Amino acid sequence: MEVPEGYKAGFTTLIGRPNVGKSSLLNAILGHKVAIVSDKPQTTRNRILGVKHLPNGQIVFLDTPGIHKPKHKLNEYMVEVAVRTLKDVDVVVLVVDVKEGLTEEDDLVIEHLAQMETSKPIVLSLNKIDLTTLDRAESIRKEIEQALKIETAVPTSAVTGEGLNELVKAIFNLLPEGYPYYPEDMITDQPEYFMVAEIIREKIFNLTRQEIPYSTAVLVEKIEEKEDVIVIDAYIFVEKASQKGIIIGRSGQMLKKIGQFSREELERIYGKKVYLNLWVKVKEKWRRKSGSLRELGYYLKKE
Ligand SMILES: Nc1nc2c(ncn2[C@@H]2O[C@H](COP(=O)(O)OP(=O)(O)OP(=O)(O)O)[C@@H](O)[C@H]2O)c(=O)[nH]1
Ligand SMILES: [Mg+2]
C-alpha cells in the first residue's frame, strides 16, 4: 500500500504532573471518554491509548500517570509508565496547569524532559486557561522555555474546548509521514474488563476522600452478556479492614452509591441493563507488594 500523499501518523504522549488535565484533554480531543478523570491527583495509573483520526493522518495519544515523587511501589510503577512513553513517541505534549502554576512536581517533569537521551519535539499545553488570564499563561510559558525548547505553546481548556484544534494541529505538524497505525474505527486498545474496572475506580475517586481512593484497586472478574442484561462481577480491594468499612459505608450506603453511579454509566455505554455485583476485599498493603501489584495489573510489560 502506498502512503497517501501527505498522510502522517505518529505517537505522542501527554506528560505532566498529576491533576493538570491530561486525561481530560485526551477525552476532549477524541470527543470520547477513554480515560477516567477526577479532581484528585494520581487518578490515572496506566498508560491509556487513544487514537485521533484526521482526514490526513492519525495521532496516537498516550495518556500517562502524573509524574510525582513515588512513596511506594504502585507510585514507582506509575511514574515509570509515564517516563517510558517518552522513548516511544514522535512528539511530547507537556501539560501544565496555568491556574495553579508551576510546582516542584512540574520541575520534576521538566527535569525528565531535559534529560531525554534523544531530544523529541515538545508541544506545550497551557491548560485550564478558562480559569486564568493569557498573561499568566504567557509568563508560565516563558519560565518553562528557560529550561526546555518548546516548538509550539498553546493555551488550552479541556472544559471549554479552547485551543484544542490548535493543539492537535501543532502535534500533527511534527509527525512523520507514514501509514496509519490503527484501523479507522479504533479509538482505544483498552480491554473491556479494564475499562469497566476503571469506571468503577473513577466513582470511588469521586465519592471518597483522603487515603481511600489511593488505597483502592478494582478488578473485574466476570462480564456476562445475557439476552437483555449484562451481569458484571467486580472486586474492590483496599489495604485494611477500616478502609473496607468506609467503602461499604453506614448501612452499605457508600457501596450502594459507587454501584449506582457505575451502573448508570455502564448502562449508557452498553445501551443495556446492567447488574453490577460489587464485593469489597482486604488485600494487606497491596500497594507495596510486587505480587499484589501484578495480580491487579500494575506491572510493566517486557519491552
Ligand atoms: N477548569 C478546568 N478544569 C480542568 C481542565 N482540565 C482538567 N480539569 C479538571 O482538573 C481535574 C484533573 O483532571 P484530570 O484530567 O484527571 O487530570 P490528569 O492530569 O489526568 O490527572 P492524573 O491522572 O492524576 O495525573 C479534574 O477535576 C478536571 O475536571 C480545564 O481545562 N479547565
Ligand atoms: Mg489522568
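Quick note: structure is the one above.
Residues numbered from 1 in each chain as written. Chains lettered and ligands numbered in written order. Predicted model: local features only at pLDDT ≥ 70, side-chain atom pairs only at ≥ 80, totals over all residues. Heavy atoms only, no water.

Chemist: Got a sec to walk through the pairing of strand 1 (residues 8–15)? Specific residues and values, please.
Modeler: With eight of its eight residues buried, strand 1 lies for the most part within the structure. The side-chain alternation of strand 1 yields two buried faces, one formed by Lys8, Gly10, Thr12 and Leu14 and the other by Ala9, Phe11, Thr13 and Ile15. Summarising the sheet, strand 1 and strand 3 (residues 57–63) pair through seven bridges and their orientation is parallel. Considered in strand 3, the bridge of Phe11 is made with Val60. (Buried < 20%, exposed > 50% of the residue type's maximum accessible area, 1.4 Å probe, protein only. Helix = DSSP H or I, 4+ residues; strand = E, 2+ residues; numbered from the N terminus. Pairing = 2+ DSSP bridges.)

Chemist: Can you explain the pairing of strand 8 (residues 229–238)? Please cite residues and give values.
Modeler: Where burial is concerned, most of strand 8 is hidden: 10 out of the 10 residues are buried. Direction of pairing for strand 7 (residues 217–225) relative to strand 8: antiparallel, over a ladder of eight bridges. Across the sheet, residue Val220 finds its bridge partner in strand 8, namely Ala234. Between strand 7 and strand 8, which follow one another and run antiparallel, lie three residues. With 10 bridges connecting them, strand 8 and strand 9 (residues 273–282) associate as parallel partners. Bridge pairing links Asp233 to Asn277 in strand 9.

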